[in-house]
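# Geometric and topological summary
Single-letter residue listing:
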Amino acid sequence: MIDQCSGPDKVPDNCIRLFSHILNAHHIWNQRILGNTSDYGVWDLHMVERWEDIHYDNQRTTFEILSGTDALENRVEYTNSAGKVFTNEVKDILFHIINHSTHHRGQMMRTFRDEGLTPEPLDYIFYKR
């Protein structure tokens, strides 16, 4: 998605909004796992040129989280954006990050099609190839 949005075609505003949201959510969840407060808002917008750096930082932080002993089994207490307190295991939070991203990337693909653009395939196997 980052490569396609960095290309010569104008990026639809909805795609900027949705991908910024994906980046924000990943950052926010990483910070919750680490017991920190995030400096990102759920719907903050980021310039396309910054997406790759933010994505890299999110991935690096997630890998650092995973390097802890039994990290996936740890339970994390956090406060959601509505102010409610919850507790979940790290493995479930990480699964949510992936699932959340997939959902919004699908919305972005629909937006590309509505704008007459052909979206790149997002299937995991294409990524691994």
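Right, let's walk through the structure included here.

This part is about the packing of aromatic side chains. Throughout the structure, instances matching the rule amount to three aromatic pairs. Through successive ring pairs, a cluster of aromatic residues spans W29, Y78 and F86. Across from the ring centre of W29, 4.4 Å away, lies the NZ or CZ of R32, which sits over that ring.

Core analysis: the largest hydrophobic core is formed by 16 residues, its most contacted members being M1, C5, F19, W51, M108 and F112. For this core, the elements supplying multiple residues, two or more each, are α1 (2-5), α2 (13-34), α3 (48-66) and α4 (90-114). A total of five residues in this core trace back to one element, the largest contributor, which is α2. By size, the runner-up hydrophobic cluster in this structure holds ten residues, among which are A25, V76, I93 and L94.

About the cut-offs
Residues numbered from 1 in each chain as written. Predicted model: local features only at pLDDT ≥ 70, side-chain atom pairs only at ≥ 80, totals over all residues. Heavy atoms only, no water. Phe/Tyr/Trp six-rings, centres within 6.5 Å; stacked < 30°, edge-to-face > 60°. Lys NZ or Arg CZ within 6 Å of the ring centre and 35° of its normal. Core = buried A, V, L, I, M, F, W, Y, C linked by side-chain atoms within 4.5 Å. Buried < 20%, exposed > 50% of the residue type's maximum accessible area, 1.4 Å probe, protein only. Helix = DSSP H or I, 4+ residues; strand = E, 2+ residues; numbered from the N terminus.

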